[in-house]
Amino acid sequence: MFGMVRPCRHRLGEKLAAQWMAHLCGLCLALRGDHGQLARIVTNYDGLLISVLTEAQSARPDDGRRTAGPCPLRGMRTASVAHGEGARLAAAVSLVLASAKVRDHVADGDGLLARRPVALAARRVAAGWDRAGARTGADIGFDTAVLVDAVDRQTGIETLAGPGTPILTVTEPTETATAAAFAHTAVLAGRPRNAVPLAEAGRLFGRLAHLLDAVEDKDADAASGAWNPLTATGTPLEEARRLADDAVHGIRLALREVEFADGGLAHRLLVHELPNSVHRAFGTVSCAHGSHPYAPPGAPGGPGAPMPPGPPRRDRRGLLAGCAVWLGLACTCQLCCGTYDDPWSREPRQGPCTNCDCSGCGDCCNCCECCNCCGEDGCCSGCDCGCDC
């Protein structure tokens, strides 16, 4: 799993968390269904936004859901998951952009990819993902050539970039690619008027993704000698932060022009969670307050406390099966921030952050920006998303 939009489950609430998980599972299953098991490794948190935006604009969102069978990542439970054209577009975009990421790592000689046999195998996999993404894109009317062209131009731009090159020159290919993907969700949902504002939101989202990736990798790139856009262009962190904040603001304004059928999850992820991504990348702290009731760890109702005992269960899992389920729960953060069945005993449990005080548990729960979002000039002025944090 990778991506910059990584919401903590307790921040989303039960309803939105279920929707978010439905799109995450839908993307994973779309990758498996169209491209095989190996393709599932490119499942990512940002890619599912394509599926989220498609469903948010759809007049009949339930038509894009199906019931999936048990999966270790869901504690071996069935679930309603997203499927259809939105999930397939997310899969196509994820494959092509993951292919670009692999080729970038090969070019940089990162880790095992510095070894020629491994690099050759990685290139073959990346080429296969390009072809697979193009096939899926063609099935739903999306030409992935715009993504491939952006990737190809990126290499040339980075080669020519140097001190004094505007950082936005370097981010432009990423902006173009994400703008095209966001805009096509309007086509799939049958709302062509949304294409223009969604393209703008996508362009700024691509800019933000590129900037935050550069900020997070800056020190590691300097240590390894890898190319970094901020270092190469001489862009100070202060300027990168200004551009990131401007992008967040621009996305918020663009989304106001989009006609949604149910934009709750899209609004939460793109308006409320993106500022958290910026804070996380730059190591700053977002607004937090302690308006929630809070119980100490281990106390009834507090973080880490078990849920009220239910009737005893005799269908315990074995050691290996329980370990597999535990790994799945850990990968999806349910062990930290969700309610789940114990991997071995199947008893109900709560993660340590389920009822935590937003002002005291760090990045995981750094969520209460609502005190600045619901005023006259706040990001939620004029919308009915609610501010219940």
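Residues numbered from 1 in each chain as written. Predicted model: local features only at pLDDT ≥ 70, side-chain atom pairs only at ≥ 80, totals over all residues. Heavy atoms only, no water.

Below, the discussion takes up the overall build of the chain. Counting its regular elements, the chain contains twelve helices and four strands. Summing over all exposed atoms, the chain offers an accessible surface of approximately 18,100 Å²; the carbon and sulfur share of this is 56%. (Helix = DSSP H or I, 4+ residues; strand = E, 2+ residues; numbered from the N terminus. Areas by Shrake-Rupley, 256 points an atom, 1.4 Å probe, with all protein chains shown as cover.)

A separate point is helix H5 (residues 145-160). Over its 16 residues, H5 runs 23 Å from end to end, which matches the ideal 22 Å to within 8%, given 1.5 Å per residue. Here the buried face of H5 lies against helix H3 (85-108), helix H6 (167-188) and helix H7 (195-224). (Expected span 1.5 Å × (residues − 1). Contact = heavy atoms within 4.5 Å.)

On to the pattern of salt bridges. Taken as a whole, this structure holds 15 salt bridges when the rule is applied. The residue Arg 103 makes a salt bridge to Asp 130 at a minimum N-O spacing of 2.7 Å. Here Asp 130 lies in helix H4 (residues 116-139) and Arg 103 lies in helix H3, a separation of 27 residues in the sequence. With a shortest N-O distance of 3.2 Å, Arg 241 and Asp 245 are connected by a salt bridge. In this pair, Arg 241 and Asp 245 are both assigned in helix H9 (residues 237-255), four residues apart and thus about one turn of the helix distant. In this structure Asp 245 comes out as partly exposed when scored by relative accessible area, which is 36%. Salt bridges here are not isolated pairs; linked through shared partners, they connect Glu 175, Glu 200, Arg 203 and Arg 207. (Salt bridge = Lys/Arg side-chain N within 4 Å of Asp/Glu carboxyl O. Buried < 20%, exposed > 50% of the residue type's maximum accessible area, 1.4 Å probe, protein only.)

Here the focus is the packing of H6 against H7. Pairs of packed helices are described in terms of their axes, by the angle between the two and the distance that separates them. Interhelical geometry of H6 versus H7 gives an angle of 140 degrees and a closest axis separation of 6 Å. On the basis of their axis angle, the class for H6 and H7 is oblique. Between H6 and H7 the crossing geometry is right-handed. On H7, the residues touching Ile 167, Leu 168, Val 170, Thr 171, Thr 174, Glu 175, Thr 178, Ala 179, Phe 182, Ala 183, Thr 185 and Ala 186 of H6 are Ala 195, Leu 198, Ala 199, Ala 201, Gly 202, Arg 203, Phe 205, Gly 206, Arg 207, His 210 and Leu 211. Grouping the constituent residues of the contact of H6 with H7 by class yields 13 nonpolar, seven polar and three charged. (Axes fitted to C-alpha atoms, helices over the stretch in contact; angles between N-to-C directions. Parallel < 35°, antiparallel > 145°, perpendicular 65-115°, else oblique. Left-handed = near helix turned anticlockwise from the far one by under 90°. Nonpolar A, V, L, I, M, F, W, Y, C, P; charged D, E, K, R; others polar.)

On to the nonpolar core, then. Of all hydrophobic cores here, the largest spans 78 residues; its most connected members are Trp 20, Phe 205, Leu 208, Leu 269, Leu 270 and Leu 274. Sorting elements by how many residues they give to this core places helix H1 (residues 9-35) first, with eleven residues. Beyond its immediate sequence surroundings of up to four residues, Leu 270 is in contact with Leu 49, Leu 53, Phe 182, Phe 205, Ile 251 and Leu 255. (Core = buried A, V, L, I, M, F, W, Y, C linked by side-chain atoms within 4.5 Å.)

We now examine the packing of H3 against H6. For the pair H3 and H6, the least separation of the axes is 10 Å and the interaxial angle reads 160 degrees. The pairing of H3 with H6 is recorded here as roughly antiparallel in orientation. Read as a crossing pair, H3 and H6 show a hand that is right-handed. Contacts from Glu 85, Gly 86, Leu 89 and Val 93 of H3 reach H6 at Ala 181, His 184, Thr 185 and Leu 188. The residue inventory of the contact of H3 with H6, partitioned by class, reads four nonpolar, three polar and one charged.

The α-helix advances 3.6 residues per turn, and as a result positions three or four apart in sequence lie on the same side. Here H4 is 24 residues long and its end C-alpha atoms lie 35 Å apart, about the 34 Å a rise of 1.5 Å per residue gives. Where H4 is concerned, the buried positions are Ala 119, Ala 122, Ala 126, Trp 129, Asp 130, Ala 132, Gly 133, Thr 136 and Gly 137. Check the buried side of H4 and you find it contacts H1 and H3. Once H4 finishes, Gly 141 follows within two positions and takes phi at roughly 80 degrees, a positive value.

With respect to the secondary-structure elements, Thr 43 resides in the loop between H1 and helix H2 (48-57). Among the polar contacts made by the side chain of Thr 43, one reaches the main-chain carbonyl oxygen of Arg 40 at a distance of 2.7 Å. (Polar contact = N/O pair within 3.5 Å; in protein donor to acceptor, adjacent residues only side chain to side chain.)

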